[in-house]
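Summary of the model geometry
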Amino acid sequence: QVQLVESGGGLVQAGGSLRLSCVASGSIVSINDMGWYRQAPGKQRELVAGITRDGSTNYADSVKGRFTISRDNAKNTGYLQMKNLKPEDTAVYYCKAQLFRAGWSWYWGQGTQITVSS
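Residues numbered from 1 in each chain as written. Predicted model: local features only at pLDDT ≥ 70, side-chain atom pairs only at ≥ 80, totals over all residues. Heavy atoms only, no water.

1. Examining the sheet that holds strand β1 (residues 3-7)
Worth spelling out the cut-off: Two strands are said to pair when DSSP picks up at least two bridges between them. Under the scheme used here, helices are H or I runs from DSSP no shorter than 4 residues and strands are E runs no shorter than 2 residues, and both carry numbers assigned from the N terminus. Axis definition: a line fitted to C-alpha atoms, limited for helices to the stretch in contact. Angles are taken between N-to-C directions and run from 0 to 180 degrees.
The sheet built from 4 strands is open, its strands ordered β1-β3-β8-β7 with antiparallel pairing. On the outer flanks of this sheet lie β1 and β7 (67-72), each paired with one strand and no other. In this sheet, neighbouring strand axes are inclined to one another by 15° on average, regardless of whether the strands run parallel or antiparallel. Of the pairings in the sheet, the one linking strand β3 (residues 18-25) to strand β8 (residues 77-82) comprises 6 bridges and is antiparallel in character. In the strand pairing of β8, Ser21 is matched with Tyr79.

2. Comments concerning the state of the cysteines
Our working definition: Disulfides are defined as pairs of cysteine sulfur atoms found within 2.5 Å of each other. Buried means the residue's accessible area, taken with a 1.4 Å probe over protein chains only, is under 20% of the maximum for its type, while exposed means over 50%, and partly exposed covers the values in between.
Evaluation of the coordinates by the stated rule reveals 1 disulfide. Cys22 shares a disulfide with Cys95; S-S distance 2.0 Å. With the S-S bond torsion at -75°, the cross-link from Cys22 to Cys95 turns out left-handed. Linking Cys22 in strand β3 with Cys95 in strand β9 (residues 91-100), this pair joins segments that are 73 residues apart in sequence. Overall, the relative accessible area of 0% leaves Cys22 in the buried class. What makes Cys95 buried here is its relative accessible area of 1%.

3. Observations regarding the nonpolar core
As a reminder, the rule being used: By convention a nonpolar core is built from buried Ala, Val, Leu, Ile, Met, Phe, Trp, Tyr and Cys residues, the set being connected through side-chain atoms within 4.5 Å. Only heavy atoms enter the contact rule, under which two residues are in contact if any of them lie within 4.5 Å.
Formed by 29 residues in total, the largest nonpolar core has its most connected members in Trp36, Val48, Phe67, Leu80, Met82, Tyr93 and Leu99. Secondary-structure elements contributing two or more residues to this core are β3, β4 (30-39), β5 (46-51), β7, β8, β9 and β11 (112-117). In terms of residues, this core owes the most to one element, β9, which gives 5 residues. Setting aside its immediate chain neighbours within four residues, Met82 contacts Gly16, Ser17, Leu18, Leu20, Arg66, Phe67, Tyr93 and Ile114.

4. Description of the pattern of salt bridges
Short version of the rule: Whenever Lys or Arg places a side-chain nitrogen within 4 Å of a carboxyl oxygen from Asp or Glu, that contact is recorded as a salt bridge.
Evaluated as defined, the whole model comprises 4 salt bridges. Taking the shortest distance from any N to any O, the salt bridge between Asp61 and Lys64 comes out at 3.1 Å. Across the salt bridge formed by Arg66 and Asp89, the nearest N and O atoms sit 2.7 Å from each other. Of this pair, Arg66 sits in the loop between β6 (57-59) and β7 while Asp89 sits in the loop between β8 and β9; the two residues are 23 residues apart in sequence, bridging distant segments of the chain. Exposure remark for Arg66: the relative accessible area of 10% places this residue in the buried category. Residue classification places Asp89 among the buried positions, given a relative accessible area of 1%. Ionic contacts of the salt-bridge type, sharing partners, join the residues Arg38, Glu46, Arg66 and Asp89 into one network.

5. Regarding the pairing of strand β10 (residues 104-108)
As judged from the 5 bridges shared by β9 and β10, these two strands associate in the antiparallel manner. When the bridges of β10 are listed, Leu99 appears paired with Ser105. Linking two consecutive strands that pair antiparallel, namely β9 and β10, is a turn of 3 residues.

Structure (structure tokens):
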């Protein structure tokens, strides 16, 4: 069974830092694009940051300069380093990745809550 498992969420004060991890497990042949999304209460899920297999990245304007997405292909793991967190960053954060097993498919993690207190 293929799955993505996020970790690293929690409660942090404004200005603090957190690092999220997303591990892909199961009979995976390869991982292509990966991304981090978030969904705040009452809002639509939005892309926070994305990274291609060769390391090209893109960010939402709201997190540029504060968040850094990275990956370790050897460990089938993606990361989101978050600095200078703001209360408006409070949301459930989800990992999404395109995985190759019998074919390419997109998978979502279960989500991890981040709460930033003011």
